[in-house]
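# Remarks on the overall topology
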Amino acid sequence: MKERLELLIGQEAIANAVDRLAKAIDRDYQQRSPVVLGILKGSFIFLADLVRAMQTPIQDIEFIRVSSYGSATVSSGQAKILGNISEATIANRDVIVVEDIIDTGITTSTLLQALQRYHPASLKLCALLDKPDRRRQPVTVDYLGFTIPDRFIVGYGIDFDQSYRQLSAIYTLKEL
Ligand code: PRP
């Protein structure tokens, strides 16, 4: 199968957004050291850039796998939490969940509900991208980079069938 990529958000725009989000977090977390929790795999590049742009001391960086998609470009409608996160990591901590994209909202709403059961001191969501047209579960995004239209995208951690994650910018993908 062949695909065509078209640039949607370039490297400079991404870097500016990451900087803006890091500064907003720095303002909000004075005197606090949050736990940063990345959702694998898509958030790995965004998280790596975000934490390096932040001045706030970070207590811990953790990752968890939550999978909602198979190899198709349509959501399966179900999220599964595939990794374990210890209660001690979350309880009484200020937790920032970092996600590359909010689409249906199923992944993040599933995870945020699960994390609330461990009674974090606070729980916030930072996402680079939001596709509100696709929402099926309500999600509050506390720190958001870009709102984007309902197109299939790849790059900067986001895949199509596990490919294209390494691209430095974000592209729309069309199957030819
Ligand atoms: C993608 C993306 C988000 C999720 C968003 O992950 O990274 O985690 O889908 O979709 P939703 O809002 O409809 O739940 P995916 O499950 O494809 O796994 P990956 O991060 O390993 O690519």
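The structure this text deals with has already been given above.
Okay, so let's go over this structure. (Residues numbered from 1 in each chain as written. Predicted model: local features only at pLDDT ≥ 70, side-chain atom pairs only at ≥ 80, totals over all residues. Heavy atoms only, no water.)

The next subject is the packing of aromatic side chains. Counting across every chain of the model gives 1 aromatic pair. Ring plane angle 80° and centroid distance 5.8 Å describe the contact between Phe-152 and Phe-160, whose orientation is recorded as edge-to-face. (Phe/Tyr/Trp six-rings, centres within 6.5 Å; stacked < 30°, edge-to-face > 60°.)

Here we come to unusual backbone geometry. A cis amide bond links Leu-40 to the next residue, Lys-41, at an omega of 0°. Counting through the fold element by element, Lys-41 comes out in the loop between strand S2 (35-40) and helix H2 (44-53). A positive phi angle is found at Gln-162, which is not glycine, with a value near 75°. Secondary-structure assignment places Gln-162 in the loop between strand S8 (153-154) and strand S9 (170-175). (Helix = DSSP H or I, 4+ residues; strand = E, 2+ residues; numbered from the N terminus.)

What follows deals with the packing of helix H1 (residues 11-28) against H2. At a closest axis distance of 8 Å, the pairing of H1 and H2 adopts a crossing angle of 55°. Judged on the interaxial angle alone, H2 and H1 are oblique. With respect to the hand of their crossing, H1 and H2 are arranged in right-handed fashion. Packed against H1, whose contacting residues are Val-18, Asp-19, Leu-21, Ala-22, Ile-25 and Asp-26, the element H2 presents Phe-46, Asp-49, Leu-50 and Ala-53 at the interface. Looking at side-chain class alone, the contact of H1 with H2 contains 7 nonpolar, no polar and 3 charged residues. (Axes fitted to C-alpha atoms, helices over the stretch in contact; angles between N-to-C directions. Parallel < 35°, antiparallel > 145°, perpendicular 65-115°, else oblique. Left-handed = near helix turned anticlockwise from the far one by under 90°. Contact = heavy atoms within 4.5 Å. Nonpolar A, V, L, I, M, F, W, Y, C, P; charged D, E, K, R; others polar.)

Let's shift gears to the side chain of Ser-122. Positionally, Ser-122 belongs in strand S6 (residues 122-130). Once you skip the residues sitting within four places of it in the chain, Ser-122 turns out to touch Arg-32, Arg-93, Asp-94 and Val-95.

The next point concerns the site of the ligand. Among the 19 residues in the neighbourhood of the ligand, the closest are listed as Glu-99, Asp-100, Thr-104, Gly-105 and Thr-107. Backbone polar atom of Gly-105 to an oxygen atom of the ligand: 2.7 Å apart, as the coordinates give it. Secondary-structure elements contributing two or more residues to the shell around the ligand are strand S3 (60-67), strand S5 (94-102) and helix H4 (106-116). It is S5 that provides the largest number of residues to the shell around the ligand, a total of 4 residues. Among the residues making up the shell around the ligand, the classes are represented as 6 nonpolar, 6 polar and 7 charged. (Near = heavy atom within 4 Å. Polar contact = N/O pair within 3.5 Å; in protein donor to acceptor, adjacent residues only side chain to side chain.)

Our focus in this paragraph is the sheet that holds S9. The strand order across the open sheet built from 3 strands is S1-S9-S8, with neighbouring strands paired in antiparallel fashion. Two strands in the sheet have a free side with no partner beyond their single neighbour: strand S1 (3-9) and S8. Note: S8 against S9, 2 bridges, orientation antiparallel. Considered in S9, the bridge of Val-154 is made with Tyr-171. (Pairing = 2+ DSSP bridges.)

Let us look at the pattern of salt bridges. In this structure the tally under the stated criterion is 9 salt bridges. When the shortest N-O distance is used, the salt bridge between Asp-130 and Arg-135 registers 2.7 Å. Classification of Asp-130 by relative accessible area gives buried; the value is 8%. Where Asp-159 meets Arg-165, a salt bridge forms, and the shortest distance between an N and an O atom there is 3.5 Å. Take Arg-165: its relative accessible area is 12%, and that puts it in the buried class. Connected via shared salt-bridge partners are Asp-103, Lys-131, Arg-134 and Asp-150. (Salt bridge = Lys/Arg side-chain N within 4 Å of Asp/Glu carboxyl O. Buried < 20%, exposed > 50% of the residue type's maximum accessible area, 1.4 Å probe, protein only.)

Turning our attention to H2. By the burial criterion, the buried members of H2 are Ile-45, Phe-46, Leu-47, Leu-50 and Val-51. In this structure, the buried residues of H2 make contact with H1, S2, S3, S5 and S6.

What follows is about the environment of Glu-175. Structurally, the position occupied by Glu-175 is in strand S9. In this structure Glu-175 comes out as partly exposed when scored by relative accessible area, which is 43%. Sequence separation of Glu-175 and Asp-60 is 115 residues, and the distance between their C-alpha atoms is 40 Å.

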